[in-house]
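# Structural description and commentary
Read off the chains here:
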Amino acid sequence: MLQPFLHYGIHFLLPLAVALLFFKTQWKIAYLIMISGMLIDLDHIFANPMFDPNRCSIQFHPLHTYYAIGIYVLLLIPKKTRLIGLGLIIHILADIVDCLMM
Ligand SMILES: [Zn+2]
């Protein structure tokens, strides 16, 4: 069972690695902002059933569509929103790994 390990590894350890590597002095704040990318899973509330481990989130939930991902990429451009965009893209990455491993 490698999948949960990979999923949560990307969710929690990848933002940590990025924070430590690129935001040395402010890594805690950077990490917190990136972790808050998890909030987009709130869109699962509108899904039925709310949580299904065998469902691919990508393209299923409104905040996990290619359209939404496009917006997350745009958030990378301004310095102010870069961390938010980064957190959201890392989140999507974790979900994509899930889909690939199904
Ligand atoms: Zn998700």
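See above for the structure.
Residues numbered from 1 in each chain as written. Predicted model: local features only at pLDDT ≥ 70, side-chain atom pairs only at ≥ 80, totals over all residues. Heavy atoms only, no water.

## Quick look at a nonpolar patch on the surface
The grouping of Leu2, Phe5, Ile96, Leu100 and Met101 at the surface amounts to a nonpolar patch, some 530 Å² of accessible area in total. Topologically, Phe5 is positioned in helix 1 (residues 3-22). (Patch = residues over 30% accessible without salt bridge, like charges linked within 9 Å, V, L, I, M, F, W, Y side chains within 5 Å. Areas by Shrake-Rupley, 256 points an atom, 1.4 Å probe, with all protein chains shown as cover. Salt bridge = Lys/Arg side-chain N within 4 Å of Asp/Glu carboxyl O. Helix = DSSP H or I, 4+ residues; strand = E, 2+ residues; numbered from the N terminus.)

## What about the state of the cysteines?
The tally for this structure, following the rule as stated, stands at one disulfide. Between the sulfur of Cys56 and that of Cys99 lies a disulfide, 2.0 Å long from S to S. Where Cys56 bonds to Cys99 through sulfur, the torsion about that S-S bond is close to 90°, and the disulfide is right-handed. Of this pair, Cys56 sits in the loop between helix 2 (27-35) and helix 3 (66-75) while Cys99 sits in helix 4 (residues 82-100), and the two are 43 residues apart along the sequence. (Disulfide = S-S within 2.5 Å.)

Read these as layout, nothing more, since geometry by itself doesn't imply function.
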